[in-house]
Amino acid sequence: MDAGDSALVWASPGVSLVSKRVLASPVSGPLSVAAPQPSPESAGVGDAANGAGGAANGALSRTPEVQMAEPLAASPPWIGDEMRYRRIMTPPVCVEPERMVTPDVAQTYMHNENLDPRLVPNFEMDFDSLEHAYEFYRHYAELAGFNIKRNRKRDKKESEGQEFCCSGEGKHKSKVAVVDRQRDHTSKRGGCKAMVLARTTGVDGRACYTHIVLEHNHKLVPTPSMTRRMRSHKKQDPAVVKLVDTMHAGHVAHVNVMRVLRRFAGGSENLHLTERDIQNRRAAQVREERVDDIPKLQAFFRECKLNNPQFFYEFQVDDKNVVKNVFWSHASQQGDYADYSGVVTFDTTYKTNQYSMPLAMFVGFNSQLQNVVFGQALLRDEKADTFEWLFKQFRACMGGRDPIVIFTDQDPSIEKAVREVFRSTYHRYCRWHVTNKYRLELNQLNAQHPGLSDTLTSVINHPLSPAEFVGAWEAMLDKYSVHESRVLAKLFDERKMWIASYFKEIFCGTMTSTQRSESVNNVVKRGYCDNSTTIHEFAKSFLECLEHTRENETRETYNSQGPSVPYTQYRYDKQLARVYTRAVYHEFKERFLSSTAFFVRPHPNKANYFLVSHTRPPTEFPWLQHEFWVKAIVKRDVPEESVFECECMRMEHTGMFCPHLVCVLTNLQVEHIPSRYIPKRYTREAKVATAFDRHDRMFSGPSGETKASRMLELLPDWCALQQSSVMSSEAVSKCKELLRQALDVVKEIPHDVGPSAPTAAAQNPVQEEQRVSASAPPVSNIKGGRRGSVAREGGDAVPAPHFNRPQTTEHTRRCSTCHRSGHNAATCGREPPPKRPRGRPVGSGRGRGRGGRKGGGGRGYVEEDDIDEEDYEMELDDECGSESEY
């Protein structure tokens, strides 16, 4: 090849698509031979030419003849991108030509030639029954790599035998036109002839194969990852299924369920359940949960009543005998109310169940300053008569004992019900709800008047007397010239219901709002339920939530058994460290630290009176009273007669010493605190003796064991046995034999775990159960209810469409044209429903499945590989649901 040929090669279209960086690289192959080499004398000229060419063409380091090639000027604009084409692109690998030829319809496929002949069906085999013959053929199909089924078209009499064939047998005949197809999925039925025919012979009932066809007209896939997806080869181990159901009941995420199963089986190749199987099982559970919701709730309440007769529940029904409201309280909750009944917050929350019924809870705090729930209810509406019924049931459940103070939101219905039922209870508003109601108006005021927000907060929170509060409020209005503000006027008019200055003498503990109720609401909705939970499942989940909080309380109580380390060496400090719980003493230490910011001066004229002043007097808010008079009468001979009072009255309001009193106690070297200044609810001995058993689950085991504790006791041995047995097939067989023998032995042993109700039932006879309708309640239409619900007359809401499902097994057949119930295909004029995503939805749950909602099982989908078009339409006809379900 000469130089001219070389120029032609460089000018060819195929090479002109190469980037300039490639052209600048050393030439390899034939081009390196054909390209002319520059002489030493022309090196400088070549370099100059390359420089000129580089300026025009991207620094091409080639001879002038190559740089003058015209095709480069006509190259596409992306040729100049050196980062995109660093080297000559290799064309993608294409399919072989023989693959493009239509396959021979007469070509057949068989199992792997290395398969053990003893596992291949033959005419010399005989079996104990037709079922054993099917199981042998199924095992052969699993090793060969194809799916099988029973041919239902043959006579099912045993004298005629049964035919077991490949799932690709027969041809599918579509019942709908191509344009009316609801999914883009073809049938796998391609006329495969592979089959075996098993018949019974003789009088002993043994079976043998009388006809065998091993050839298939399709390829086989003898890999575990493929065969485990075939319906006939899926194995559902009862232990694995029970484990899956347990994790679903515990709201374990789907991805974590699969991780546990893979580790349990030693890898995904050993797991005969696919992810779609787990999703479908969860969807089936959700559908089962939604049937007979109220009867299942009554059954759960009967079980709780049997475990402990102290359990209390009550239904309120409407004029149709359908459940309207339900209230219940466990024995442990009633025991908590006996201990900590002084202060109660009441609030409602939403989106905790599928009927959008508000969840109402009575919440308090225990000796560890933790939240405790005294009772709960699900309501259909939020009217005054509903709250009145609820408060009466709560009062009856707690033995007619009213709380000292109850905090609620600013709801007129609740206020009216409190006045009617809790006549001796102080009713106060939640501080947060009062200010949050005017949040937008207050934000506008704060934007117009910088500093108003801090001043308002100081006025509200500082322990002023009522007269001092009025003076501070007026001073704030004068300072910021906001006398005309309607929002501040409304807040001032309602001051007696939410400003602590007006009820400082009332014991409220550590609560001034319904914040504890909000905290419990958050725990319930985050870990135990959502807006798709049925009522009976919600009741069970709420009991689990109570057990969780009980465990936290037990842990904190255990950690508080020993005395806390005293903060100082003062005698009274050591006394409080010994008496208070750990959480309460930690609160006291913070107040002790705050007391160091004050100094004490005795009153010049009054004995036993001390003026406690802050070391840094206020400058920005001069109306703040940082001086409080403290009365302290110390009787060292009779310490129980000592008297301690503070003008701020935080002792009476919270039950704990304020920093002013702590400062005086330290200054006077007090050695002993009288018992009347230490509320019992803050001590380690806060619980009182009750006439009933506090345990929600009562068992009669010899040592008080429960079924759960015994299962945990057996679990390590079972896991060790399983791990040791799976390493040998002989060990697996021996393990199964021993387990069957052990099962036969333990079945003969009488049970000693169960409800121990005879004695308790004699003292508290079980009440006659209230008869209510089994119909599910309608969806509530309240301020936090389901969107789109239309209220009926009387305040009830129209149920959501997917709650119109009949709860019996009789369903109307669906139209084959539009797939909706109650239509005739010949006269149907409706359009088919819109095309659904790949996979058929079969239910909905609490998880994030494909197309599901956040929080649990999602919508389940049937495995498409296991269903052909004929089976799909059959299942549509048999499925229950309304037309708006899809």
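Residues numbered from 1 in each chain as written. Predicted model: local features only at pLDDT ≥ 70, side-chain atom pairs only at ≥ 80, totals over all residues. Heavy atoms only, no water.

A. Spotlight on the overall build of the protein. Scanning the protein for helices and strands turns up 31 helices and 18 strands. A separation threshold of at least 6 residues defines the contact pool for the protein, and within that pool the share at least 24 residues apart is 63%. (Helix = DSSP H or I, 4+ residues; strand = E, 2+ residues; numbered from the N terminus. Contact = heavy atoms within 4.5 Å.)

B. Molecular detail of the sheet that holds strand β3 (residues 162-166). Read from one edge to the other, the open sheet built from 5 strands follows the order β1-β5-β4-β3-β2, with strand pairing classed as antiparallel. Single-partner strands in this sheet number two, and they are β1 (126-127) and β2 (148-150). Here strand β4 (residues 195-201) pairs with strand β5 (residues 206-213) via 7 bridges, running antiparallel. Residue pairing in the sheet places Arg-199 in a bridge with Cys-208 of β5. (Pairing = 2+ DSSP bridges.)

C. Representation of the environment of Gly-400 within the structure. Topologically, Gly-400 is positioned in the loop between α14 (384-397) and β11 (405-408). The partly exposed category is assigned to Gly-400, whose relative accessible area is 32%. Gly-400 sits 22 residues away from Phe-422 along the chain, and the two C-alpha atoms are 9.6 Å apart. (Buried < 20%, exposed > 50% of the residue type's maximum accessible area, 1.4 Å probe, protein only.)

D. Structural detail: the UniProt feature "domain: SWIM-type" (unreviewed entry) in the protein. The feature "domain: SWIM-type" (unreviewed entry), as annotated in UniProt, sits at residues 632-669 in this numbering. Between the C-alpha atoms that bound residues 632-669 there is a distance of 12 Å. The span itself is 37% helix and 16% strand. (UniProt positions renumbered as here; feature names shortened; annotations may be inferred.)

E. The nonpolar core, seen in detail. Core analysis: the largest hydrophobic core is formed by 44 residues, its most contacted members being Leu-576, Tyr-580, Phe-657 and Ile-673. Mapped onto this core, the elements with two or more residues apiece are β11, α24 (571-579), α25 (582-595), β13 (598-602), β14 (609-614), β15 (627-633), β16 (643-646) and α27 (659-667). Dropping the residues within four chain positions of it, Leu-576 is found in contact with Tyr-585, Phe-588, Phe-657, Ile-673 and Ile-678. If you look at the next biggest cluster of nonpolar residues, it comprises 30 residues, including Phe-311, Val-323, Tyr-355 and Ala-539. (Core = buried A, V, L, I, M, F, W, Y, C linked by side-chain atoms within 4.5 Å.)

F. Quick peek at the packing of α25 against α27. With their axes 8 Å apart at the nearest point, α25 and α27 run at an angle of 75° to one another. Classified by the interaxial angle, the pair formed by α25 and α27 is roughly perpendicular. Counting all contacts with α25, which are made through Phe-588, Arg-591, Phe-592, Ser-594 and Ser-595, the residues of α27 involved are Pro-659, Val-662, Cys-663 and Thr-666. Across the contact of α25 with α27, the residue classes break down as 5 nonpolar, 3 polar and 1 charged. (Axes fitted to C-alpha atoms, helices over the stretch in contact; angles between N-to-C directions. Parallel < 35°, antiparallel > 145°, perpendicular 65-115°, else oblique. Nonpolar A, V, L, I, M, F, W, Y, C, P; charged D, E, K, R; others polar.)

G. Seen up close, the pattern of salt bridges. Applying the stated criterion across every chain, the model contains 25 salt bridges. The closest approach of N and O atoms between Asp-126 and Arg-206, which form a salt bridge, is 3.1 Å. Of this pair, Asp-126 sits in strand β1 while Arg-206 sits in strand β5, and the two are 80 residues apart along the sequence. Of the charged contacts in the structure, one is a salt bridge between Arg-138 and Glu-142, with a shortest N-O distance of 3.3 Å. Of this pair, Arg-138 and Glu-142 both sit in helix α7 (residues 130-144), separated by 4 residues, roughly a single helical turn. Accessibility assignment for this pair places Arg-138 and Glu-142 in one class, buried. Counted as one network, the salt bridges with shared partners bring together Asp-336, Asp-339, Arg-550, Glu-553, Lys-687 and Arg-694. (Salt bridge = Lys/Arg side-chain N within 4 Å of Asp/Glu carboxyl O.)

H. Summary view of unusual backbone geometry. In the Ramachandran plot, Ser-356 falls in the positive-phi region, its phi being about 55° despite a non-glycine side chain. By the element assignment, Ser-356 lies in the loop between β8 (343-349) and β9 (359-365). Phi angles above zero are rare outside glycine, and Met-649 is one such case at about 60°. Note that Met-649 resides in the loop between β16 and α26 (650-654). Overall, Met-649 belongs to the partly exposed group, its relative accessible area being 24%.

I. Highlighting the pairing of β8. Counting buried residues in β8 gives 7 out of 7 residues, a clear majority hidden from the surface. In this structure, β8 lies alongside β11, joined through 3 bridges in parallel fashion. Each bridged residue has a counterpart across the sheet, and for Thr-345 the counterpart in β11 is Phe-407. In terms of strand pairing, β8 meets β9 through 5 bridges, oriented antiparallel. What sits directly across from Thr-349, in β9, is Leu-359.

J. Representation of the packing of α24 against α25. Where α24 meets α25, the axes come as close as 9 Å, and the angle between the chain directions of the two elements is 155°. Viewed along their axes, α24 and α25 adopt a mutual orientation that is roughly antiparallel. Note that α24 runs across α25; the crossing there is right-handed. Residues Tyr-572, Asp-573, Leu-576 and Ala-577 of α24 pack against Tyr-585, Phe-588 and Phe-592 of α25. Residue classes in the contact of α24 with α25 are distributed as 6 nonpolar, no polar and 1 charged. (Left-handed = near helix turned anticlockwise from the far one by under 90°.)

K. Structural view of the sheet that holds strand β12 (residues 426-429). Taken in spatial order, the 7 strands of this open sheet run β6-β7-β10-β9-β8-β11-β12, and their pairing is mixed. Single-partner strands in this sheet number two, and they are β6 (312-317) and β12. When the angles between neighbouring strand axes are averaged without regard to direction, this sheet yields 20°. Pairing geometry for β6 and strand β7 (residues 323-329), over 6 bridges, is antiparallel. By the bridge assignment for β7, Gln-316 is matched with Asn-325. On the sheet, α14 packs against β6, β7, β8, β9 and β10 (371-378) and is oriented at approximately 25° with respect to β7.

L. Spotlight on a nonpolar patch on the surface. Judged by side-chain polarity, Leu-712, Leu-715, Trp-718, Leu-721 and Leu-739 come together as a nonpolar surface patch covering roughly 450 Å² of accessible area. The greatest single-element share of the nonpolar patch, amounting to 4 residues, is contributed by helix α28 (residues 707-725). With respect to the helices and strands, Trp-718 occurs in helix α28. (Patch = residues over 30% accessible without salt bridge, like charges linked within 9 Å, V, L, I, M, F, W, Y side chains within 5 Å. Areas by Shrake-Rupley, 256 points an atom, 1.4 Å probe, with all protein chains shown as cover.)

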